[in-house]
Amino acid sequence: MAIAILGIDLGKNSCSLVGQDATGRVVLRRRMRRETVMTFGATLPACIIAMEACCGAHHMGRALAAQGHTIRLMSPEYVRPYVKAQKNDDRDAEAIAEAATRPTMRFVTLKSEAQLDMQTLHRVRDQLVGERTALMNQIRAVLLERGHIVPQGRAKLAASLESLLDTEAVSDLTPRMRSLVADVRERWQSLDGRIAALDAEFAEQARTDESARRLTTIPGIGALNATALVAAIGDVGTFARGRDLAAWLGLVPRQVTTGGRPRLLGITKRGSKYLRKMLIQGARAAMPTLRKSDTRISQWLRGLLARAHANTAVVALAAKMARTVWALLRHKRVYEPAAVAA
């Protein structure tokens, strides 16, 4: 039994395995638990092991790569067209093995423990920010029912709560509501401290990591964006050009042909929502400064703003930032804005 490609359909507890020989003929079909897959991989000669890039794939991929195998991770959406009728785990594993043989297939780079740790910290921070926003909206709704209209913004809400809870002049809130709002404010402040601690950790990582430090030289990219991008894309070896990275982030507009003329639609919104949100927020923050400077990108931005909506310009600037990220990581350089020729 000479296995050239082993396709593994990962499950929470058990996995389906399909082995193919050099001609593509199925020579193995088996189902085993995750820990047994490691033991089985050690008994096989070096071969190609293909999996979908899902939960647990990077850990298993590193363990199997240490045994001498070649690991190929693929996005599930690229494997789906190869699944035959009457979908099940066994046919999913067969489709994974078949998709790994395609010469045009795009593979996901195997991530290290440090990259996965950084991505986990970003997910935790994003969850904490969502919880803080929910608490702020809850406090604002409670106060609105009592006739207190609080403007949007954390600083304004904090100032309003200080005047309502820390003074004795206000008597329209019942004692029970005052204690409830005070308890919610304490939870909100606790979340503020945890988010600030994570932000400090990201800033320290951006100072010590060479790739993240290069990315922070790009206008609109700070420590938060830089660490998230480095953890997600690594050495950009998966992408042949900067446009591929922008397309992977969903920042490239769809194009249709109407009457023989191409027309651009909205962006595709594929890939990571978190990274796309970070880039768009960074572009929105950097746009007021960029449009006033005397660089080529500023000249391009002013021309775009003259003919398009500001939100369209923000997304276009975010796509250009993604291409710049690819160039800096690929060529190991820092960002140097080009001045406009006199």
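Our structure is the block above this text.
Heads up: these notes are all about the structure in this document. Only a predicted model underlies this, so the values are computations on that prediction, with no experimental measurement involved.

The rules behind each value
Starting from 1, residues in each chain are numbered consecutively following that chain's sequence as written. It should be noted that, the model being predicted, local features are given only for residues of pLDDT at least 70 and side-chain atom pairs only at 80 or more, the latter also being counted only at that level, while totals for whole chains, interfaces and linings use all residues. Excluded from the side-chain calculation are hydrogens and water; included are all heavy atoms of the structure. Nonpolar cores are built from buried Ala, Val, Leu, Ile, Met, Phe, Trp, Tyr and Cys residues. Side-chain atoms within 4.5 Å join them into one set. Relative accessible area decides the class of each residue, using a 1.4 Å probe on protein chains only: under 20% of the type maximum gives buried, over 50% gives exposed, and in between gives partly exposed. To qualify as a helix, a DSSP run of H or I must reach at least 4 residues; to qualify as a strand, a run of E must reach at least 2; elements of each kind are numbered from the N terminus. In what follows, a contact means two residues having at least one pair of non-hydrogen atoms within 4.5 Å. Axis lines are fitted through C-alpha atoms, for helices just across the contact stretch, and the angle between N-to-C directions can take any value from 0 to 180 degrees. When describing relative orientation, an angle under 35 degrees is termed roughly parallel and one over 145 degrees roughly antiparallel, while 65 to 115 degrees is termed roughly perpendicular and anything else oblique. Crossings are sorted by hand: turned counterclockwise from the far helix by less than a right angle, the near helix makes the crossing left-handed, and turned clockwise it makes it right-handed. In the scheme used here, Gly and all other residues not listed as nonpolar or charged are polar, with Ala, Val, Leu, Ile, Met, Phe, Trp, Tyr, Cys and Pro taken as nonpolar and Asp, Glu, Lys and Arg as charged. In a helix, the anticipated span is given by 1.5 Å times the number of residues less one. Taking the helix axis as origin, the arc is that swept by the directions to the C-beta atoms.

In this section: the nonpolar core. Counting 67 residues, the largest nonpolar core has Ile-139, Leu-215, Ile-221, Leu-251, Leu-279, Leu-317 and Val-325 as its most contacted members. Here this core gets 12 residues from one element, more than from any other, and that element is helix α13 (residues 310-331). Discounting residues that sit within four places of it in the chain, Leu-317 has contacts with Ala-283, Met-287, Leu-290, Ile-297, Trp-300 and Leu-301. In terms of nonpolar packing, the next biggest core, distinct from the first, is built from 20 residues, Ile-8, Met-32, Phe-40 and Met-60 among them.

Time to look at the packing of helix α7 (residues 175-208) against helix α9 (residues 223-233). One way to put it is that α7 packs onto α9 with a least axis distance of 8 Å and a crossing angle of 70°. Taken together, the axis directions place α7 and α9 in an arrangement best described as roughly perpendicular. Once α7 is placed against α9, the crossing between them reads as left-handed. Of α9, the residues touching α7 (which contributes Asp-199, Phe-202, Ala-203, Gln-205 and Ala-206) are Ala-223, Leu-224 and Thr-227. Within the contact of α7 with α9, the residues separate by chemical class into 5 nonpolar, 2 polar and 1 charged.

The next thing to look at is helix α12 (residues 296-307). Within an α-helix, residues lying three or four positions from one another point in the same direction, as the helix has 3.6 residues per turn. For α12, built from 12 residues, the straight-helix expectation of 16 Å at 1.5 Å per residue is met to within 8% by its first-to-last C-alpha distance of 17 Å. Among the residues making up α12, those that are buried are Ile-297, Ser-298, Leu-301, Leu-304 and Leu-305. Considered in projection along α12, the buried side chains sweep an arc of 125° and stay on one side of the axis. Of the exposed residues in α12, the ones pointing more than 90 degrees away from its buried face are Arg-296, Ala-306 and Arg-307. Those residues of α12 that are buried lie in contact with α11 (273-290) and α13.

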